[in-house]
Amino acid sequence: MNYWPLLGIAVIVIGFLLRFNPVPVVVCAALTSGLLAGIAPLTLLALLGKSFVSSRLLLLFVLTLPVIGLLERAGLREHAQRWIGQLRGLSLARLLMSYLLVRQVLAMFGLTGVAGAPQTVRPLLAPMSEAAAEKILPALTDADRDEVRAIAAATDNVGRFFGEDVFIALGGVLLIQAFYTQHGIELSPLAIALWALPTAVAAFVIQSVRVWLYQRQLQRRAGDVHAPRKG
Amino acid sequence: MLRVEYAYWLIAAFLLYAGLRHLRERQGWRAAFWLLLGLLFASGDEVLAQQAAGNELPSQLAGGGVILLALLAPRLRRVPHAQDVGSKTRRQSALRLGHRLFVPALLIPLVTLLIALLGPHLSIMGYAVFAKPQLTLTGLALACVVALFAASRVTRAPMQDGFFEGRRLLDAIGWATVLPLLLAALGQVFTESGVGNAISGLTSAWLPTGSALACLLGFALGMVIFTVIMGNAFAAFPVMMAGIGLPLLIQQHHANPAILGSMGMLCGYCGTLMTPMAADFNLVPAALLELRSPYGVIRAQLGSALAILAANVMLMYLLVFR
């Protein structure tokens, strides 16, 4: 077996460790692996071009940018923050857990494209989470704001990933079924999808607990800030 | 009939607009980057059609374009994007418009949802309105157009303001926009170069194949590591199944194929949450949310990913050998 193409992985790892710009690093890795595998340079070039244009749908989020830009200029984030600030019963943990549940259930019905970082997190969930965190600890630092936004994006990702494999007609399940069919094992998509359910529940519980722990950590810090003033 | 290809043309038009604006502002590198990307998007259908017809030249040119993009990318320094409208104006406008601001933002998911659900049944004079492939994503593109009209109405701002603001957000994301596409291309090249087979060869050479638990752990960790490297669980799955899952776990240790397949894939998803190679889920959101560290989202989800992985492997061990 030819182990030389593995050097492409080394290029990636070294590039990321040395914090080079990832774009040229990734292209270098592709050229390294391809050439070491003995693919002719022109064929490799064609492969690169063909694969790039066949995954154009990954850039679909760009179409949300004009809408979000326009709304943000008119104060969308400020309004979302003010609104969440007024809602008494809505804590950070409750907000994120409800979003997680909705996201996971939507993904289970195959609707992964309905929500996501550009569609829902940047314009809505992230500013709302920041406002909810501010209710607990009014003096949020920039690092805290970054962390809250990152947690919002993470919650969105967890909900998506551990919901989508429960749906029978989406990429993951169909890929598993196709692999088994090729190797002479016949399975119905439903038989595969059902077994994603236990981990989906576990993922919901784990992410909820982590969000709740983060909220408690904020509350503790807020307590430390207020305690001297009261005493 | 509405196809997802129309969405690519819309993206191309927006990218070309961004490039031309930069050209007028004499920012050569940015202009070149977005114009080139716009051209790749506009010509994509033709490239794929010619490739299918056996003509490799357009694909090779596109490949050259990709390499050129990679050379241009380091020239795009991320600019902390200054809002041209002050925060006071924005707060006043927020007070004036109130909940109406939510309407266009919510239209994006709602219209997408409606099209995903009703789209397959819509037809005009016997012709289907939406093409079946990538229906949800076609819906998302249409939803963005509808939402832009709505946003322009609600804010009473002309639509070109939207393009202007959109371009600024695009610049804030910068080179991270193309990373998901490049990583997808890298995945293809890795597959064609046999990287996957080399890895599964190495793993199975090290594994004590007599122990069912060792095989299961090897399979699960292999899925995670391979996904971390490729950025995509779908690339890892066939390789690890062919290397360890099918010959060792199913045939030798009689694992249940449905459970092994389903939960094995989920091990890979845990890997996706940990890796910068899954740029569209981890790096692009970090850029989109303007986090100072590109790895902020990964850091926030690492703990969840490890805990879910532990739970998943444990469940797998309990269920798969019944």
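Quick caveat: nothing in here was measured; it's all calculated off a predicted structure. (Residues numbered from 1 in each chain as written. Chains lettered and ligands numbered in written order. Predicted model: local features only at pLDDT ≥ 70, side-chain atom pairs only at ≥ 80, totals over all residues.)

1. Re the overall build of chain B
Thought 1: On a plain count of helices and strands, chain B comes out with 14 helices and two strands.
Thought 2: With the C-alpha coordinates aligned to their principal axes, the bounding extent of chain B is approximately 70 × 50 × 50 Å.
Thought 3: Sequence-distant contacts in chain B: of pairs separated by 6 or more residues, those separated by 24 or more amount to 71%. (Helix = DSSP H or I, 4+ residues; strand = E, 2+ residues; numbered from the N terminus. Contact = placed C-beta atoms within 7 Å.)

2. Considerations on the overall build of chain A
Thought 1: A count of helical and extended segments in chain A gives eleven helices and zero strands.
Thought 2: Against the globule reference of 17 Å for 231 residues, chain A gives a C-alpha radius of gyration of 23 Å, more extended than a compact globule.
Thought 3: If one aligns the C-alpha atoms of chain A with their principal axes, the spans along those axes are about 75 × 45 × 35 Å.
Thought 4: Counting the 231 residues in chain A, one finds 55% classified as buried.
Thought 5: Across chain A, contacts joining residues at least 24 apart in sequence account for 72% of those joining residues at least 6 apart. (Rg over C-alpha atoms; globule rule 2.2 N^0.38 Å. Buried ≥ 20, exposed ≤ 12 C-beta atoms within 10 Å, placed from the backbone.)

3. So, the environment of Met-159 of chain B
Thought 1: Take Met-159 of chain B: it is sitting in helix H7 (residues 159–173).
Thought 2: The contacts of Met-159 of chain B, once residues within four sequence positions are left out, are Leu-148 and Ser-152 of chain B.

4. With respect to the environment of Cys-215 of chain B
All names here are of chain B.
Thought 1: Mapping Cys-215 onto the fold places it in helix H10 (residues 212–230).
Thought 2: Along the chain, Cys-215 and Val-178 lie 37 residues apart, while their C-alpha atoms are 37 Å from each other.
Thought 3: In this view, Cys-215 contacts Leu-207, Thr-209, Ile-244, Leu-248, Leu-249 and His-253; residues no more than four positions away in its chain are not counted.

5. Notes on the interface of chain B and chain A
Thought 1: Between chain B and chain A, the residue contacts involve 120 residues of the former and 100 residues of the latter.
Thought 2: When residues of the side of chain B that touches chain A are assigned to their parent elements, the largest contribution, 13 residues, is made by helix H8 (residues 179–193) of chain B.

6. Let's talk about helix H2 (residues 22–36) of chain A
Structural remark: α-helix, 3.6 residues per turn; residues separated by three or four positions point the same way.
Thought 1: Between its first and last C-alpha, H2 of chain A extends 21 Å over 15 residues, near the 21 Å set by a 1.5 Å rise per residue.
Thought 2: Within H2 of chain A, eleven of the 15 residues are buried, which leaves the element mostly enclosed by the surrounding structure.
Thought 3: Every buried residue of H2 of chain A is listed here: Pro-22, Val-23, Val-25, Val-26, Val-27, Ala-29, Ala-30, Leu-31, Thr-32, Ser-33 and Gly-34 of chain A.
Thought 4: Buried positions along H2 of chain A lie against helix H1 (7–17) and helix H3 (41–54) of chain A together with helix H3 (57–72), H8 and helix H9 (195–206) of chain B.
Thought 5: Looking one or two residues past H2 of chain A, Gly-38 of chain A carries a phi angle of roughly 85°, positive in sign. (Expected span 1.5 Å × (residues − 1).)

7. Remarks on the domain arrangement of chain B
Thought 1: As assigned here, chain B comprises domain 1 (1–77), domain 2 (84–157) and domain 3 (179–319).
Thought 2: Between the C-alpha centres of domain 1 of chain B and domain 3 of chain B the distance comes to 31 Å. (Domains from an automatic or database assignment.)

8. Topic: H9 of chain B
Thought 1: Under the 1.5 Å per step criterion, the end-to-end length of H9 of chain B is 17 Å for twelve residues, consistent within 8% with the ideal 16 Å.
Thought 2: Along H9 of chain B, the positions that sit buried rather than exposed are Val-195, Gly-196, Ala-198, Ile-199 and Ser-200 of chain B.
Thought 3: Contacts made by the buried residues of H9 of chain B are with H1 and H2 of chain A together with H8, H10 and helix H11 (233–252) of chain B.

9. As for the nonpolar core
Side chains of a nonpolar character, in soluble globular proteins, are inclined to be buried together.
Thought 1: Ile-11, Leu-182 and Ala-185 of chain B are the most contacted members of the largest nonpolar core, which has 188 residues in total.
Thought 2: With twelve residues, H11 of chain B is the single largest residue contributor to this core.
Thought 3: The residues contacting Ile-11 of chain B, other than those within four sequence positions of it, are Leu-59, Val-62 and Leu-63 of chain A together with Phe-41 of chain B. (Core = buried A, V, L, I, M, F, W, Y, C linked by C-beta atoms within 7 Å.)

10. Considerations on the confidence of the model for chain B
Detailed reading of predicted coordinates is not advised where the pLDDT is low.
All names here are of chain B.
Thought 1: Scored by pLDDT, chain B has a mean of 86; 97% of the residues are at 70 or more.
Thought 2: Mean pLDDT values over the elements of chain B span from 76, in strand S2 (residues 127–128), up to 95, in helix H14 (residues 296–320).
Thought 3: Complex prediction metrics read pTM 0.82 and ipTM 0.85. (pLDDT = per-residue confidence, 0-100.)

11. Details of the packing of H2 of chain A against H3 of chain B
Thought 1: Across the interface, H2 of chain A lies against H3 of chain B with an axial gap of 7 Å and an inter-helix angle of 140°. H2 of chain A and H3 of chain B meet at a crossing whose hand is left-handed. Residues Val-23, Pro-24 and Val-27 of chain A of H2 of chain A pack against Val-66, Ile-67, Ala-70 and Leu-71 of chain B of H3 of chain B.
Thought 2: Its residues placed into classes, the contact of H2 of chain A with H3 of chain B shows seven nonpolar, no polar and no charged. (Axes fitted to C-alpha atoms, helices over the stretch in contact; angles between N-to-C directions. Left-handed = near helix turned anticlockwise from the far one by under 90°. Nonpolar A, V, L, I, M, F, W, Y, C, P; charged D, E, K, R; others polar.)

12. Considering unusual backbone geometry
Leave glycine aside and you will find that most residues have negative phi; peptide bonds, for their part, are mostly trans.
Residue and element names in this part refer to chain B.
Thought 1: Backbone geometry at Arg-156 places phi at a positive 50°, although glycine is not the residue there.
Thought 2: Locating Arg-156 in the fold gives a position in the loop between helix H6 (135–155) and H7.
Thought 3: One non-glycine residue, Glu-290, lies in positive phi territory at about 55°.
Thought 4: Tracing the chain through its elements places Glu-290 in the loop between helix H13 (279–288) and H14.

13. Examining the packing of H1 of chain A against H2 of chain A
All names here are of chain A.
Thought 1: It is the contact of H1 with H2, at a shortest axis distance of 7 Å, that shows an interaxial angle of 165°. For the element pair H1 / H2, the angle class is roughly antiparallel. H1 and H2 meet at a crossing whose hand is right-handed. Of the residues in H2, those in contact with Leu-7, Gly-8, Val-11, Ile-12, Gly-15 and Phe-16 of H1 are Pro-22, Val-25, Cys-28, Ala-29, Ala-30, Thr-32, Ser-33 and Leu-36.
Thought 2: Looking at the contact of H1 with H2, its residues break down into ten nonpolar, four polar and no charged. (Parallel < 35°, antiparallel > 145°, perpendicular 65-115°, else oblique.)

14. What about the environment of Leu-309 of chain B?
Residues and elements named next belong to chain B.
Thought 1: Looking at the element boundaries, Leu-309 is found in helix H14.
Thought 2: A sequence separation of 62 residues divides Leu-309 from Pro-247, and the C-alpha atoms of the two residues are 23 Å apart.
Thought 3: Not counting the four nearest positions on each side in its chain, Leu-309 is found in contact with Val-224, Cys-267 and Cys-270.

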